[in-house]
Amino acid sequence: MKEEDLSRIKRYPIVEYLERKGVKPVRRTAAYALYCSPLREETHPSFKVDTEKNLWIDYGEGRGGSIIDLCMRMEGCTLSEAIRRLGQNAPDNGTYSFLNGFAPNNTQPVMAVNGARRLIEISDTLPPHFQEYLTKVRCINLEKAMPFLKCVSYEVRGRRYQAIGFANLSGGYELRDNKTFKGTIAPKDITPIFTDRAEPVCIFEGFMDFLSFLSMKEEITNHCLVMNSVSNVARTIRYLNDRHLTHIRAFLDNDEAGRRAVQDFIKAGFHVEDMNIHYKDFKDLNEYHVSRVREQQKRKAQEQTHISITGQNKKSKQVKLKMK
């Protein structure tokens, strides 16, 4: 999907979307509209739409997000299906903006100081080399991870590049390729992942750690939140406080920045379980996950070798018995 198409979808006013669904506000001001939640039965309105930012929040559930999140919830569809459905009805103009461009990123090797970066396309399909990077290098369960990932194509000085994209709450993307590049499509923001069980909230520094957690677990029952950078600690604290969530499990990196972030959460009054005690000998959760997978693969190979040798010895004894 091209940038202008996504921009058009993000400009689609939530109040208009709800109106088309037959949902009318209980109260309307210049800045917001208040509804009885369309996601559940209630008699006192607790569903609020910020008409300036075009975002919604259901205070009764402690959940919120963009029009895409709302479409997924109301229509029970996937991210790509929600974008497709909204794209059919979104207006050609509006007052809200999305994907204003890439955030500055000095680590990108192909980027000149003043070079312009142009978003070309966002696809649901990851090329084989990205899939191999995730499965072979990062040991990520691709089937579990794919609902959260996109292939982002962009252009720099006439040359085209691709990266793995992980969406955030404001419609931006965290980017990573299969080498060393890490970047962001603005706006920079956190990524909450909702489940039926709110607390404790599992907090991750980056999306590779979240995907590692996803790969390690049979099922995720807790709310998860990817900060997409320790620079988003304050934003994460505001998000949790707004939803009255006080118990968190921090899966942060084993470095000074990760330790400072844990202390910031503690100082803010959260009950914090510092989960890096389980991977204290590793840089982060993904490195720990990769080590575990490698060890499991090594043991499995040794068991198969043992079985193969045992079988050969057994056949050898049988041959000897026949020769006697």
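Keep in mind the model is a prediction, meaning the values are calculated, not measured.

Enquirer: Which parts of the structure should I look at to understand the packing of aromatic side chains?
Expert: For any two aromatic rings, the description comes down to two numbers: the centre-to-centre distance and the angle of the planes. All told, the structure shown has 13 aromatic pairs when counted by the stated rule. Considering the side-chain rings of Tyr35 and Phe47, the 6.1 Å spacing of their centres and the 80 degrees angle between planes classify their relative orientation as edge-to-face. Here the residue Tyr35 occupies a position in strand β2 (residues 32–35), and Phe47 occupies one in strand β3 (residues 47–50), the gap between them amounting to 12 residues. Across the pair, exposure class does not vary: Tyr35 and Phe47 are buried alike. Arranged with centres 6.1 Å apart and planes meeting at 85 degrees, the rings of Phe265 and Phe270 form a pair that is edge-to-face. Like Phe265, the residue Phe270 is buried in the burial classification. Through pairs of rings, three or more aromatic residues link up here, namely Phe148, Phe166, Phe204, Phe207, Phe210, Phe213 and Phe251.

Enquirer: Would you mind showing me how to read the nonpolar core here?
Expert: Within the largest apolar cluster, 33 residues are counted, with the highest numbers of intra-cluster contacts made by Tyr17, Leu18, Tyr35, Phe47, Val49, Leu70 and Leu86. Among residues more than four places away in sequence, those in contact with Val49 are Ile14, Val15, Leu18, Ala31, Tyr32, Ala33, Tyr35, Leu55 and Trp56. Leu142, Ala145, Phe213 and Leu214 belong to the second-largest nonpolar core, a separate cluster that totals 27 residues.

Enquirer: What is the right way to read the environment of Ile190 from this model?
Expert: Mapped onto the secondary structure, Ile190 falls in the loop between β11 (182–186) and β12 (191–193). Judged by its relative accessible area of 1%, Ile190 is buried. Considered as a pair, Ile190 and Leu225 are 35 residues apart in the sequence and their alpha carbons are 7.1 Å apart.

Enquirer: Hey, could you run me through the sheet that holds strand β13 (residues 197–204) in this one?
Expert: Remark on secondary structure: sheet strands pair via backbone hydrogen bonds, oriented parallel or antiparallel. Taking strand neighbours across the sheet as the criterion, the five strands line up as β12-β14-β13-β15-β16 in an open arrangement whose pairing is mixed. Single-partner strands in this sheet number two, and they are β12 and β16 (271–274). This sheet shows a mean twist of 25 degrees between the axes of neighbouring strands, independent of strand direction. With four bridges connecting them, strand β15 (residues 247–251) and β16 associate as parallel partners. Looking across to β16, one finds that His247 is bridged to His271.

Enquirer: I keep staring at the layout of surface pockets and nothing clicks. Help me out?
Expert: A water-sized probe rolled over the atoms picks out the places where empty space is left. There is about 750 Å³ of room inside the largest pocket. Asp69, Met72, Leu79, Phe148 and Pro192 are, among the 30 residues lining the largest pocket, the residues nearest its centre. Only α1 (3–11), β5 (63–65), α3 (67–75), α4 (79–89), β8 (149–156), β9 (159–167) and β12 provide two or more residues apiece to the lining of the largest pocket. In terms of residues, the lining of the largest pocket owes the most to one element, α3, which gives four residues.

Enquirer: Explanation requested: empty space enclosed by the protein in the structure shown.
Expert: In total, this model carries one cavity of 30 Å³ or more according to the counting rule given. Taken as a whole, the largest cavity encloses approximately 40 Å³ of empty space. The wall of the largest cavity is formed by Gly62, Pro192, Phe194, Val201, His223, Cys224, Leu225, Tyr239, Arg243 and Leu245. If one sorts the elements of the lining of the largest cavity by residue count, strand β14 (residues 222–226) sits on top with three residues. Here the residues of the lining of the largest cavity are counted per class, giving seven nonpolar, two polar and one charged.

Enquirer: What is the right way to read the confidence of the model for the chain from this model?
Expert: Should the pLDDT be low somewhere, the predicted coordinates at that spot are not to be read in detail. Model confidence for the chain is summarised by a mean pLDDT of 82, while 84% of its residues fall at 70 or above. Residue range residues 93–116 is modelled with pLDDT below 50. Its contacts to residues more than four positions away, or to other chains, number 63 contacts.

Enquirer: I would appreciate a short explanation of the pairing of β8 in the present structure.
Expert: Consecutive residues of a regular strand have side chains that alternate between opposite faces of the sheet. Burial analysis of β8 places seven of its eight residues in the buried class, the great majority of the element. When β8 meets β9, the two strands line up antiparallel, connected through eight bridges. Across the sheet, the residue bridging to Glu155 is Arg160, located in β9. Linking β8 back to β9 in an antiparallel pair, the connection comprises two residues, with Arg157 at a positive phi of about 50 degrees.

Enquirer: Explain the environment of Phe130 to me, please; I cannot follow it from the model alone.
Expert: Among the secondary structure elements, Phe130 is positioned in helix α5 (residues 128–137). In this structure the C-alpha to C-alpha distance between Phe130 and Gln162, which are 32 residues apart in sequence, comes to 9.5 Å. Discounting chain neighbours no more than four positions away, the residues touching Phe130 are Cys151, Gln162, Ala163, Ile164, Asp177 and Asn178.

Enquirer: When you look at the pairing of strand β4 (residues 55–58) in this model, what are you seeing that I'm missing?
Expert: Sheet topology note: the β3/β4 ladder contains four bridges and is antiparallel. Bridging across to β4, Asp50 finds its partner in Leu55. Where β3 folds back on β4, the antiparallel hairpin that results is connected by four residues, among which Asn54 adopts a positive phi of roughly 55 degrees. Both β4 and β5 contribute to a ladder of three bridges, which runs antiparallel. When the sheet's bridge partners are listed, Asp58 is paired in β5 with Arg63. Counting the residues that bridge the hairpin from β4 to β5 gives four residues, and of these Gly62 lies at a positive phi of roughly 70 degrees.

Criteria and thresholds
- Residues numbered from 1 in each chain as written.
- Predicted model: local features only at pLDDT ≥ 70, side-chain atom pairs only at ≥ 80, totals over all residues.
- Heavy atoms only, no water.
- Phe/Tyr/Trp six-rings, centres within 6.5 Å; stacked < 30°, edge-to-face > 60°.
- Helix = DSSP H or I, 4+ residues; strand = E, 2+ residues; numbered from the N terminus.
- Buried < 20%, exposed > 50% of the residue type's maximum accessible area, 1.4 Å probe, protein only.
- Core = buried A, V, L, I, M, F, W, Y, C linked by side-chain atoms within 4.5 Å.
- Contact = heavy atoms within 4.5 Å.
- Pairing = 2+ DSSP bridges.
- Axes fitted to C-alpha atoms, helices over the stretch in contact; angles between N-to-C directions.
- 1 Å grid on protein atoms, 1.4 Å probe; cavity = no way out; pocket = protein on both sides within 12 Å on 5 of 7 lines; lining within 4 Å.
- Points joined across faces, edges and corners; volume = space filled by probe spheres on them.
- Nonpolar A, V, L, I, M, F, W, Y, C, P; charged D, E, K, R; others polar.
- pLDDT = per-residue confidence, 0-100.

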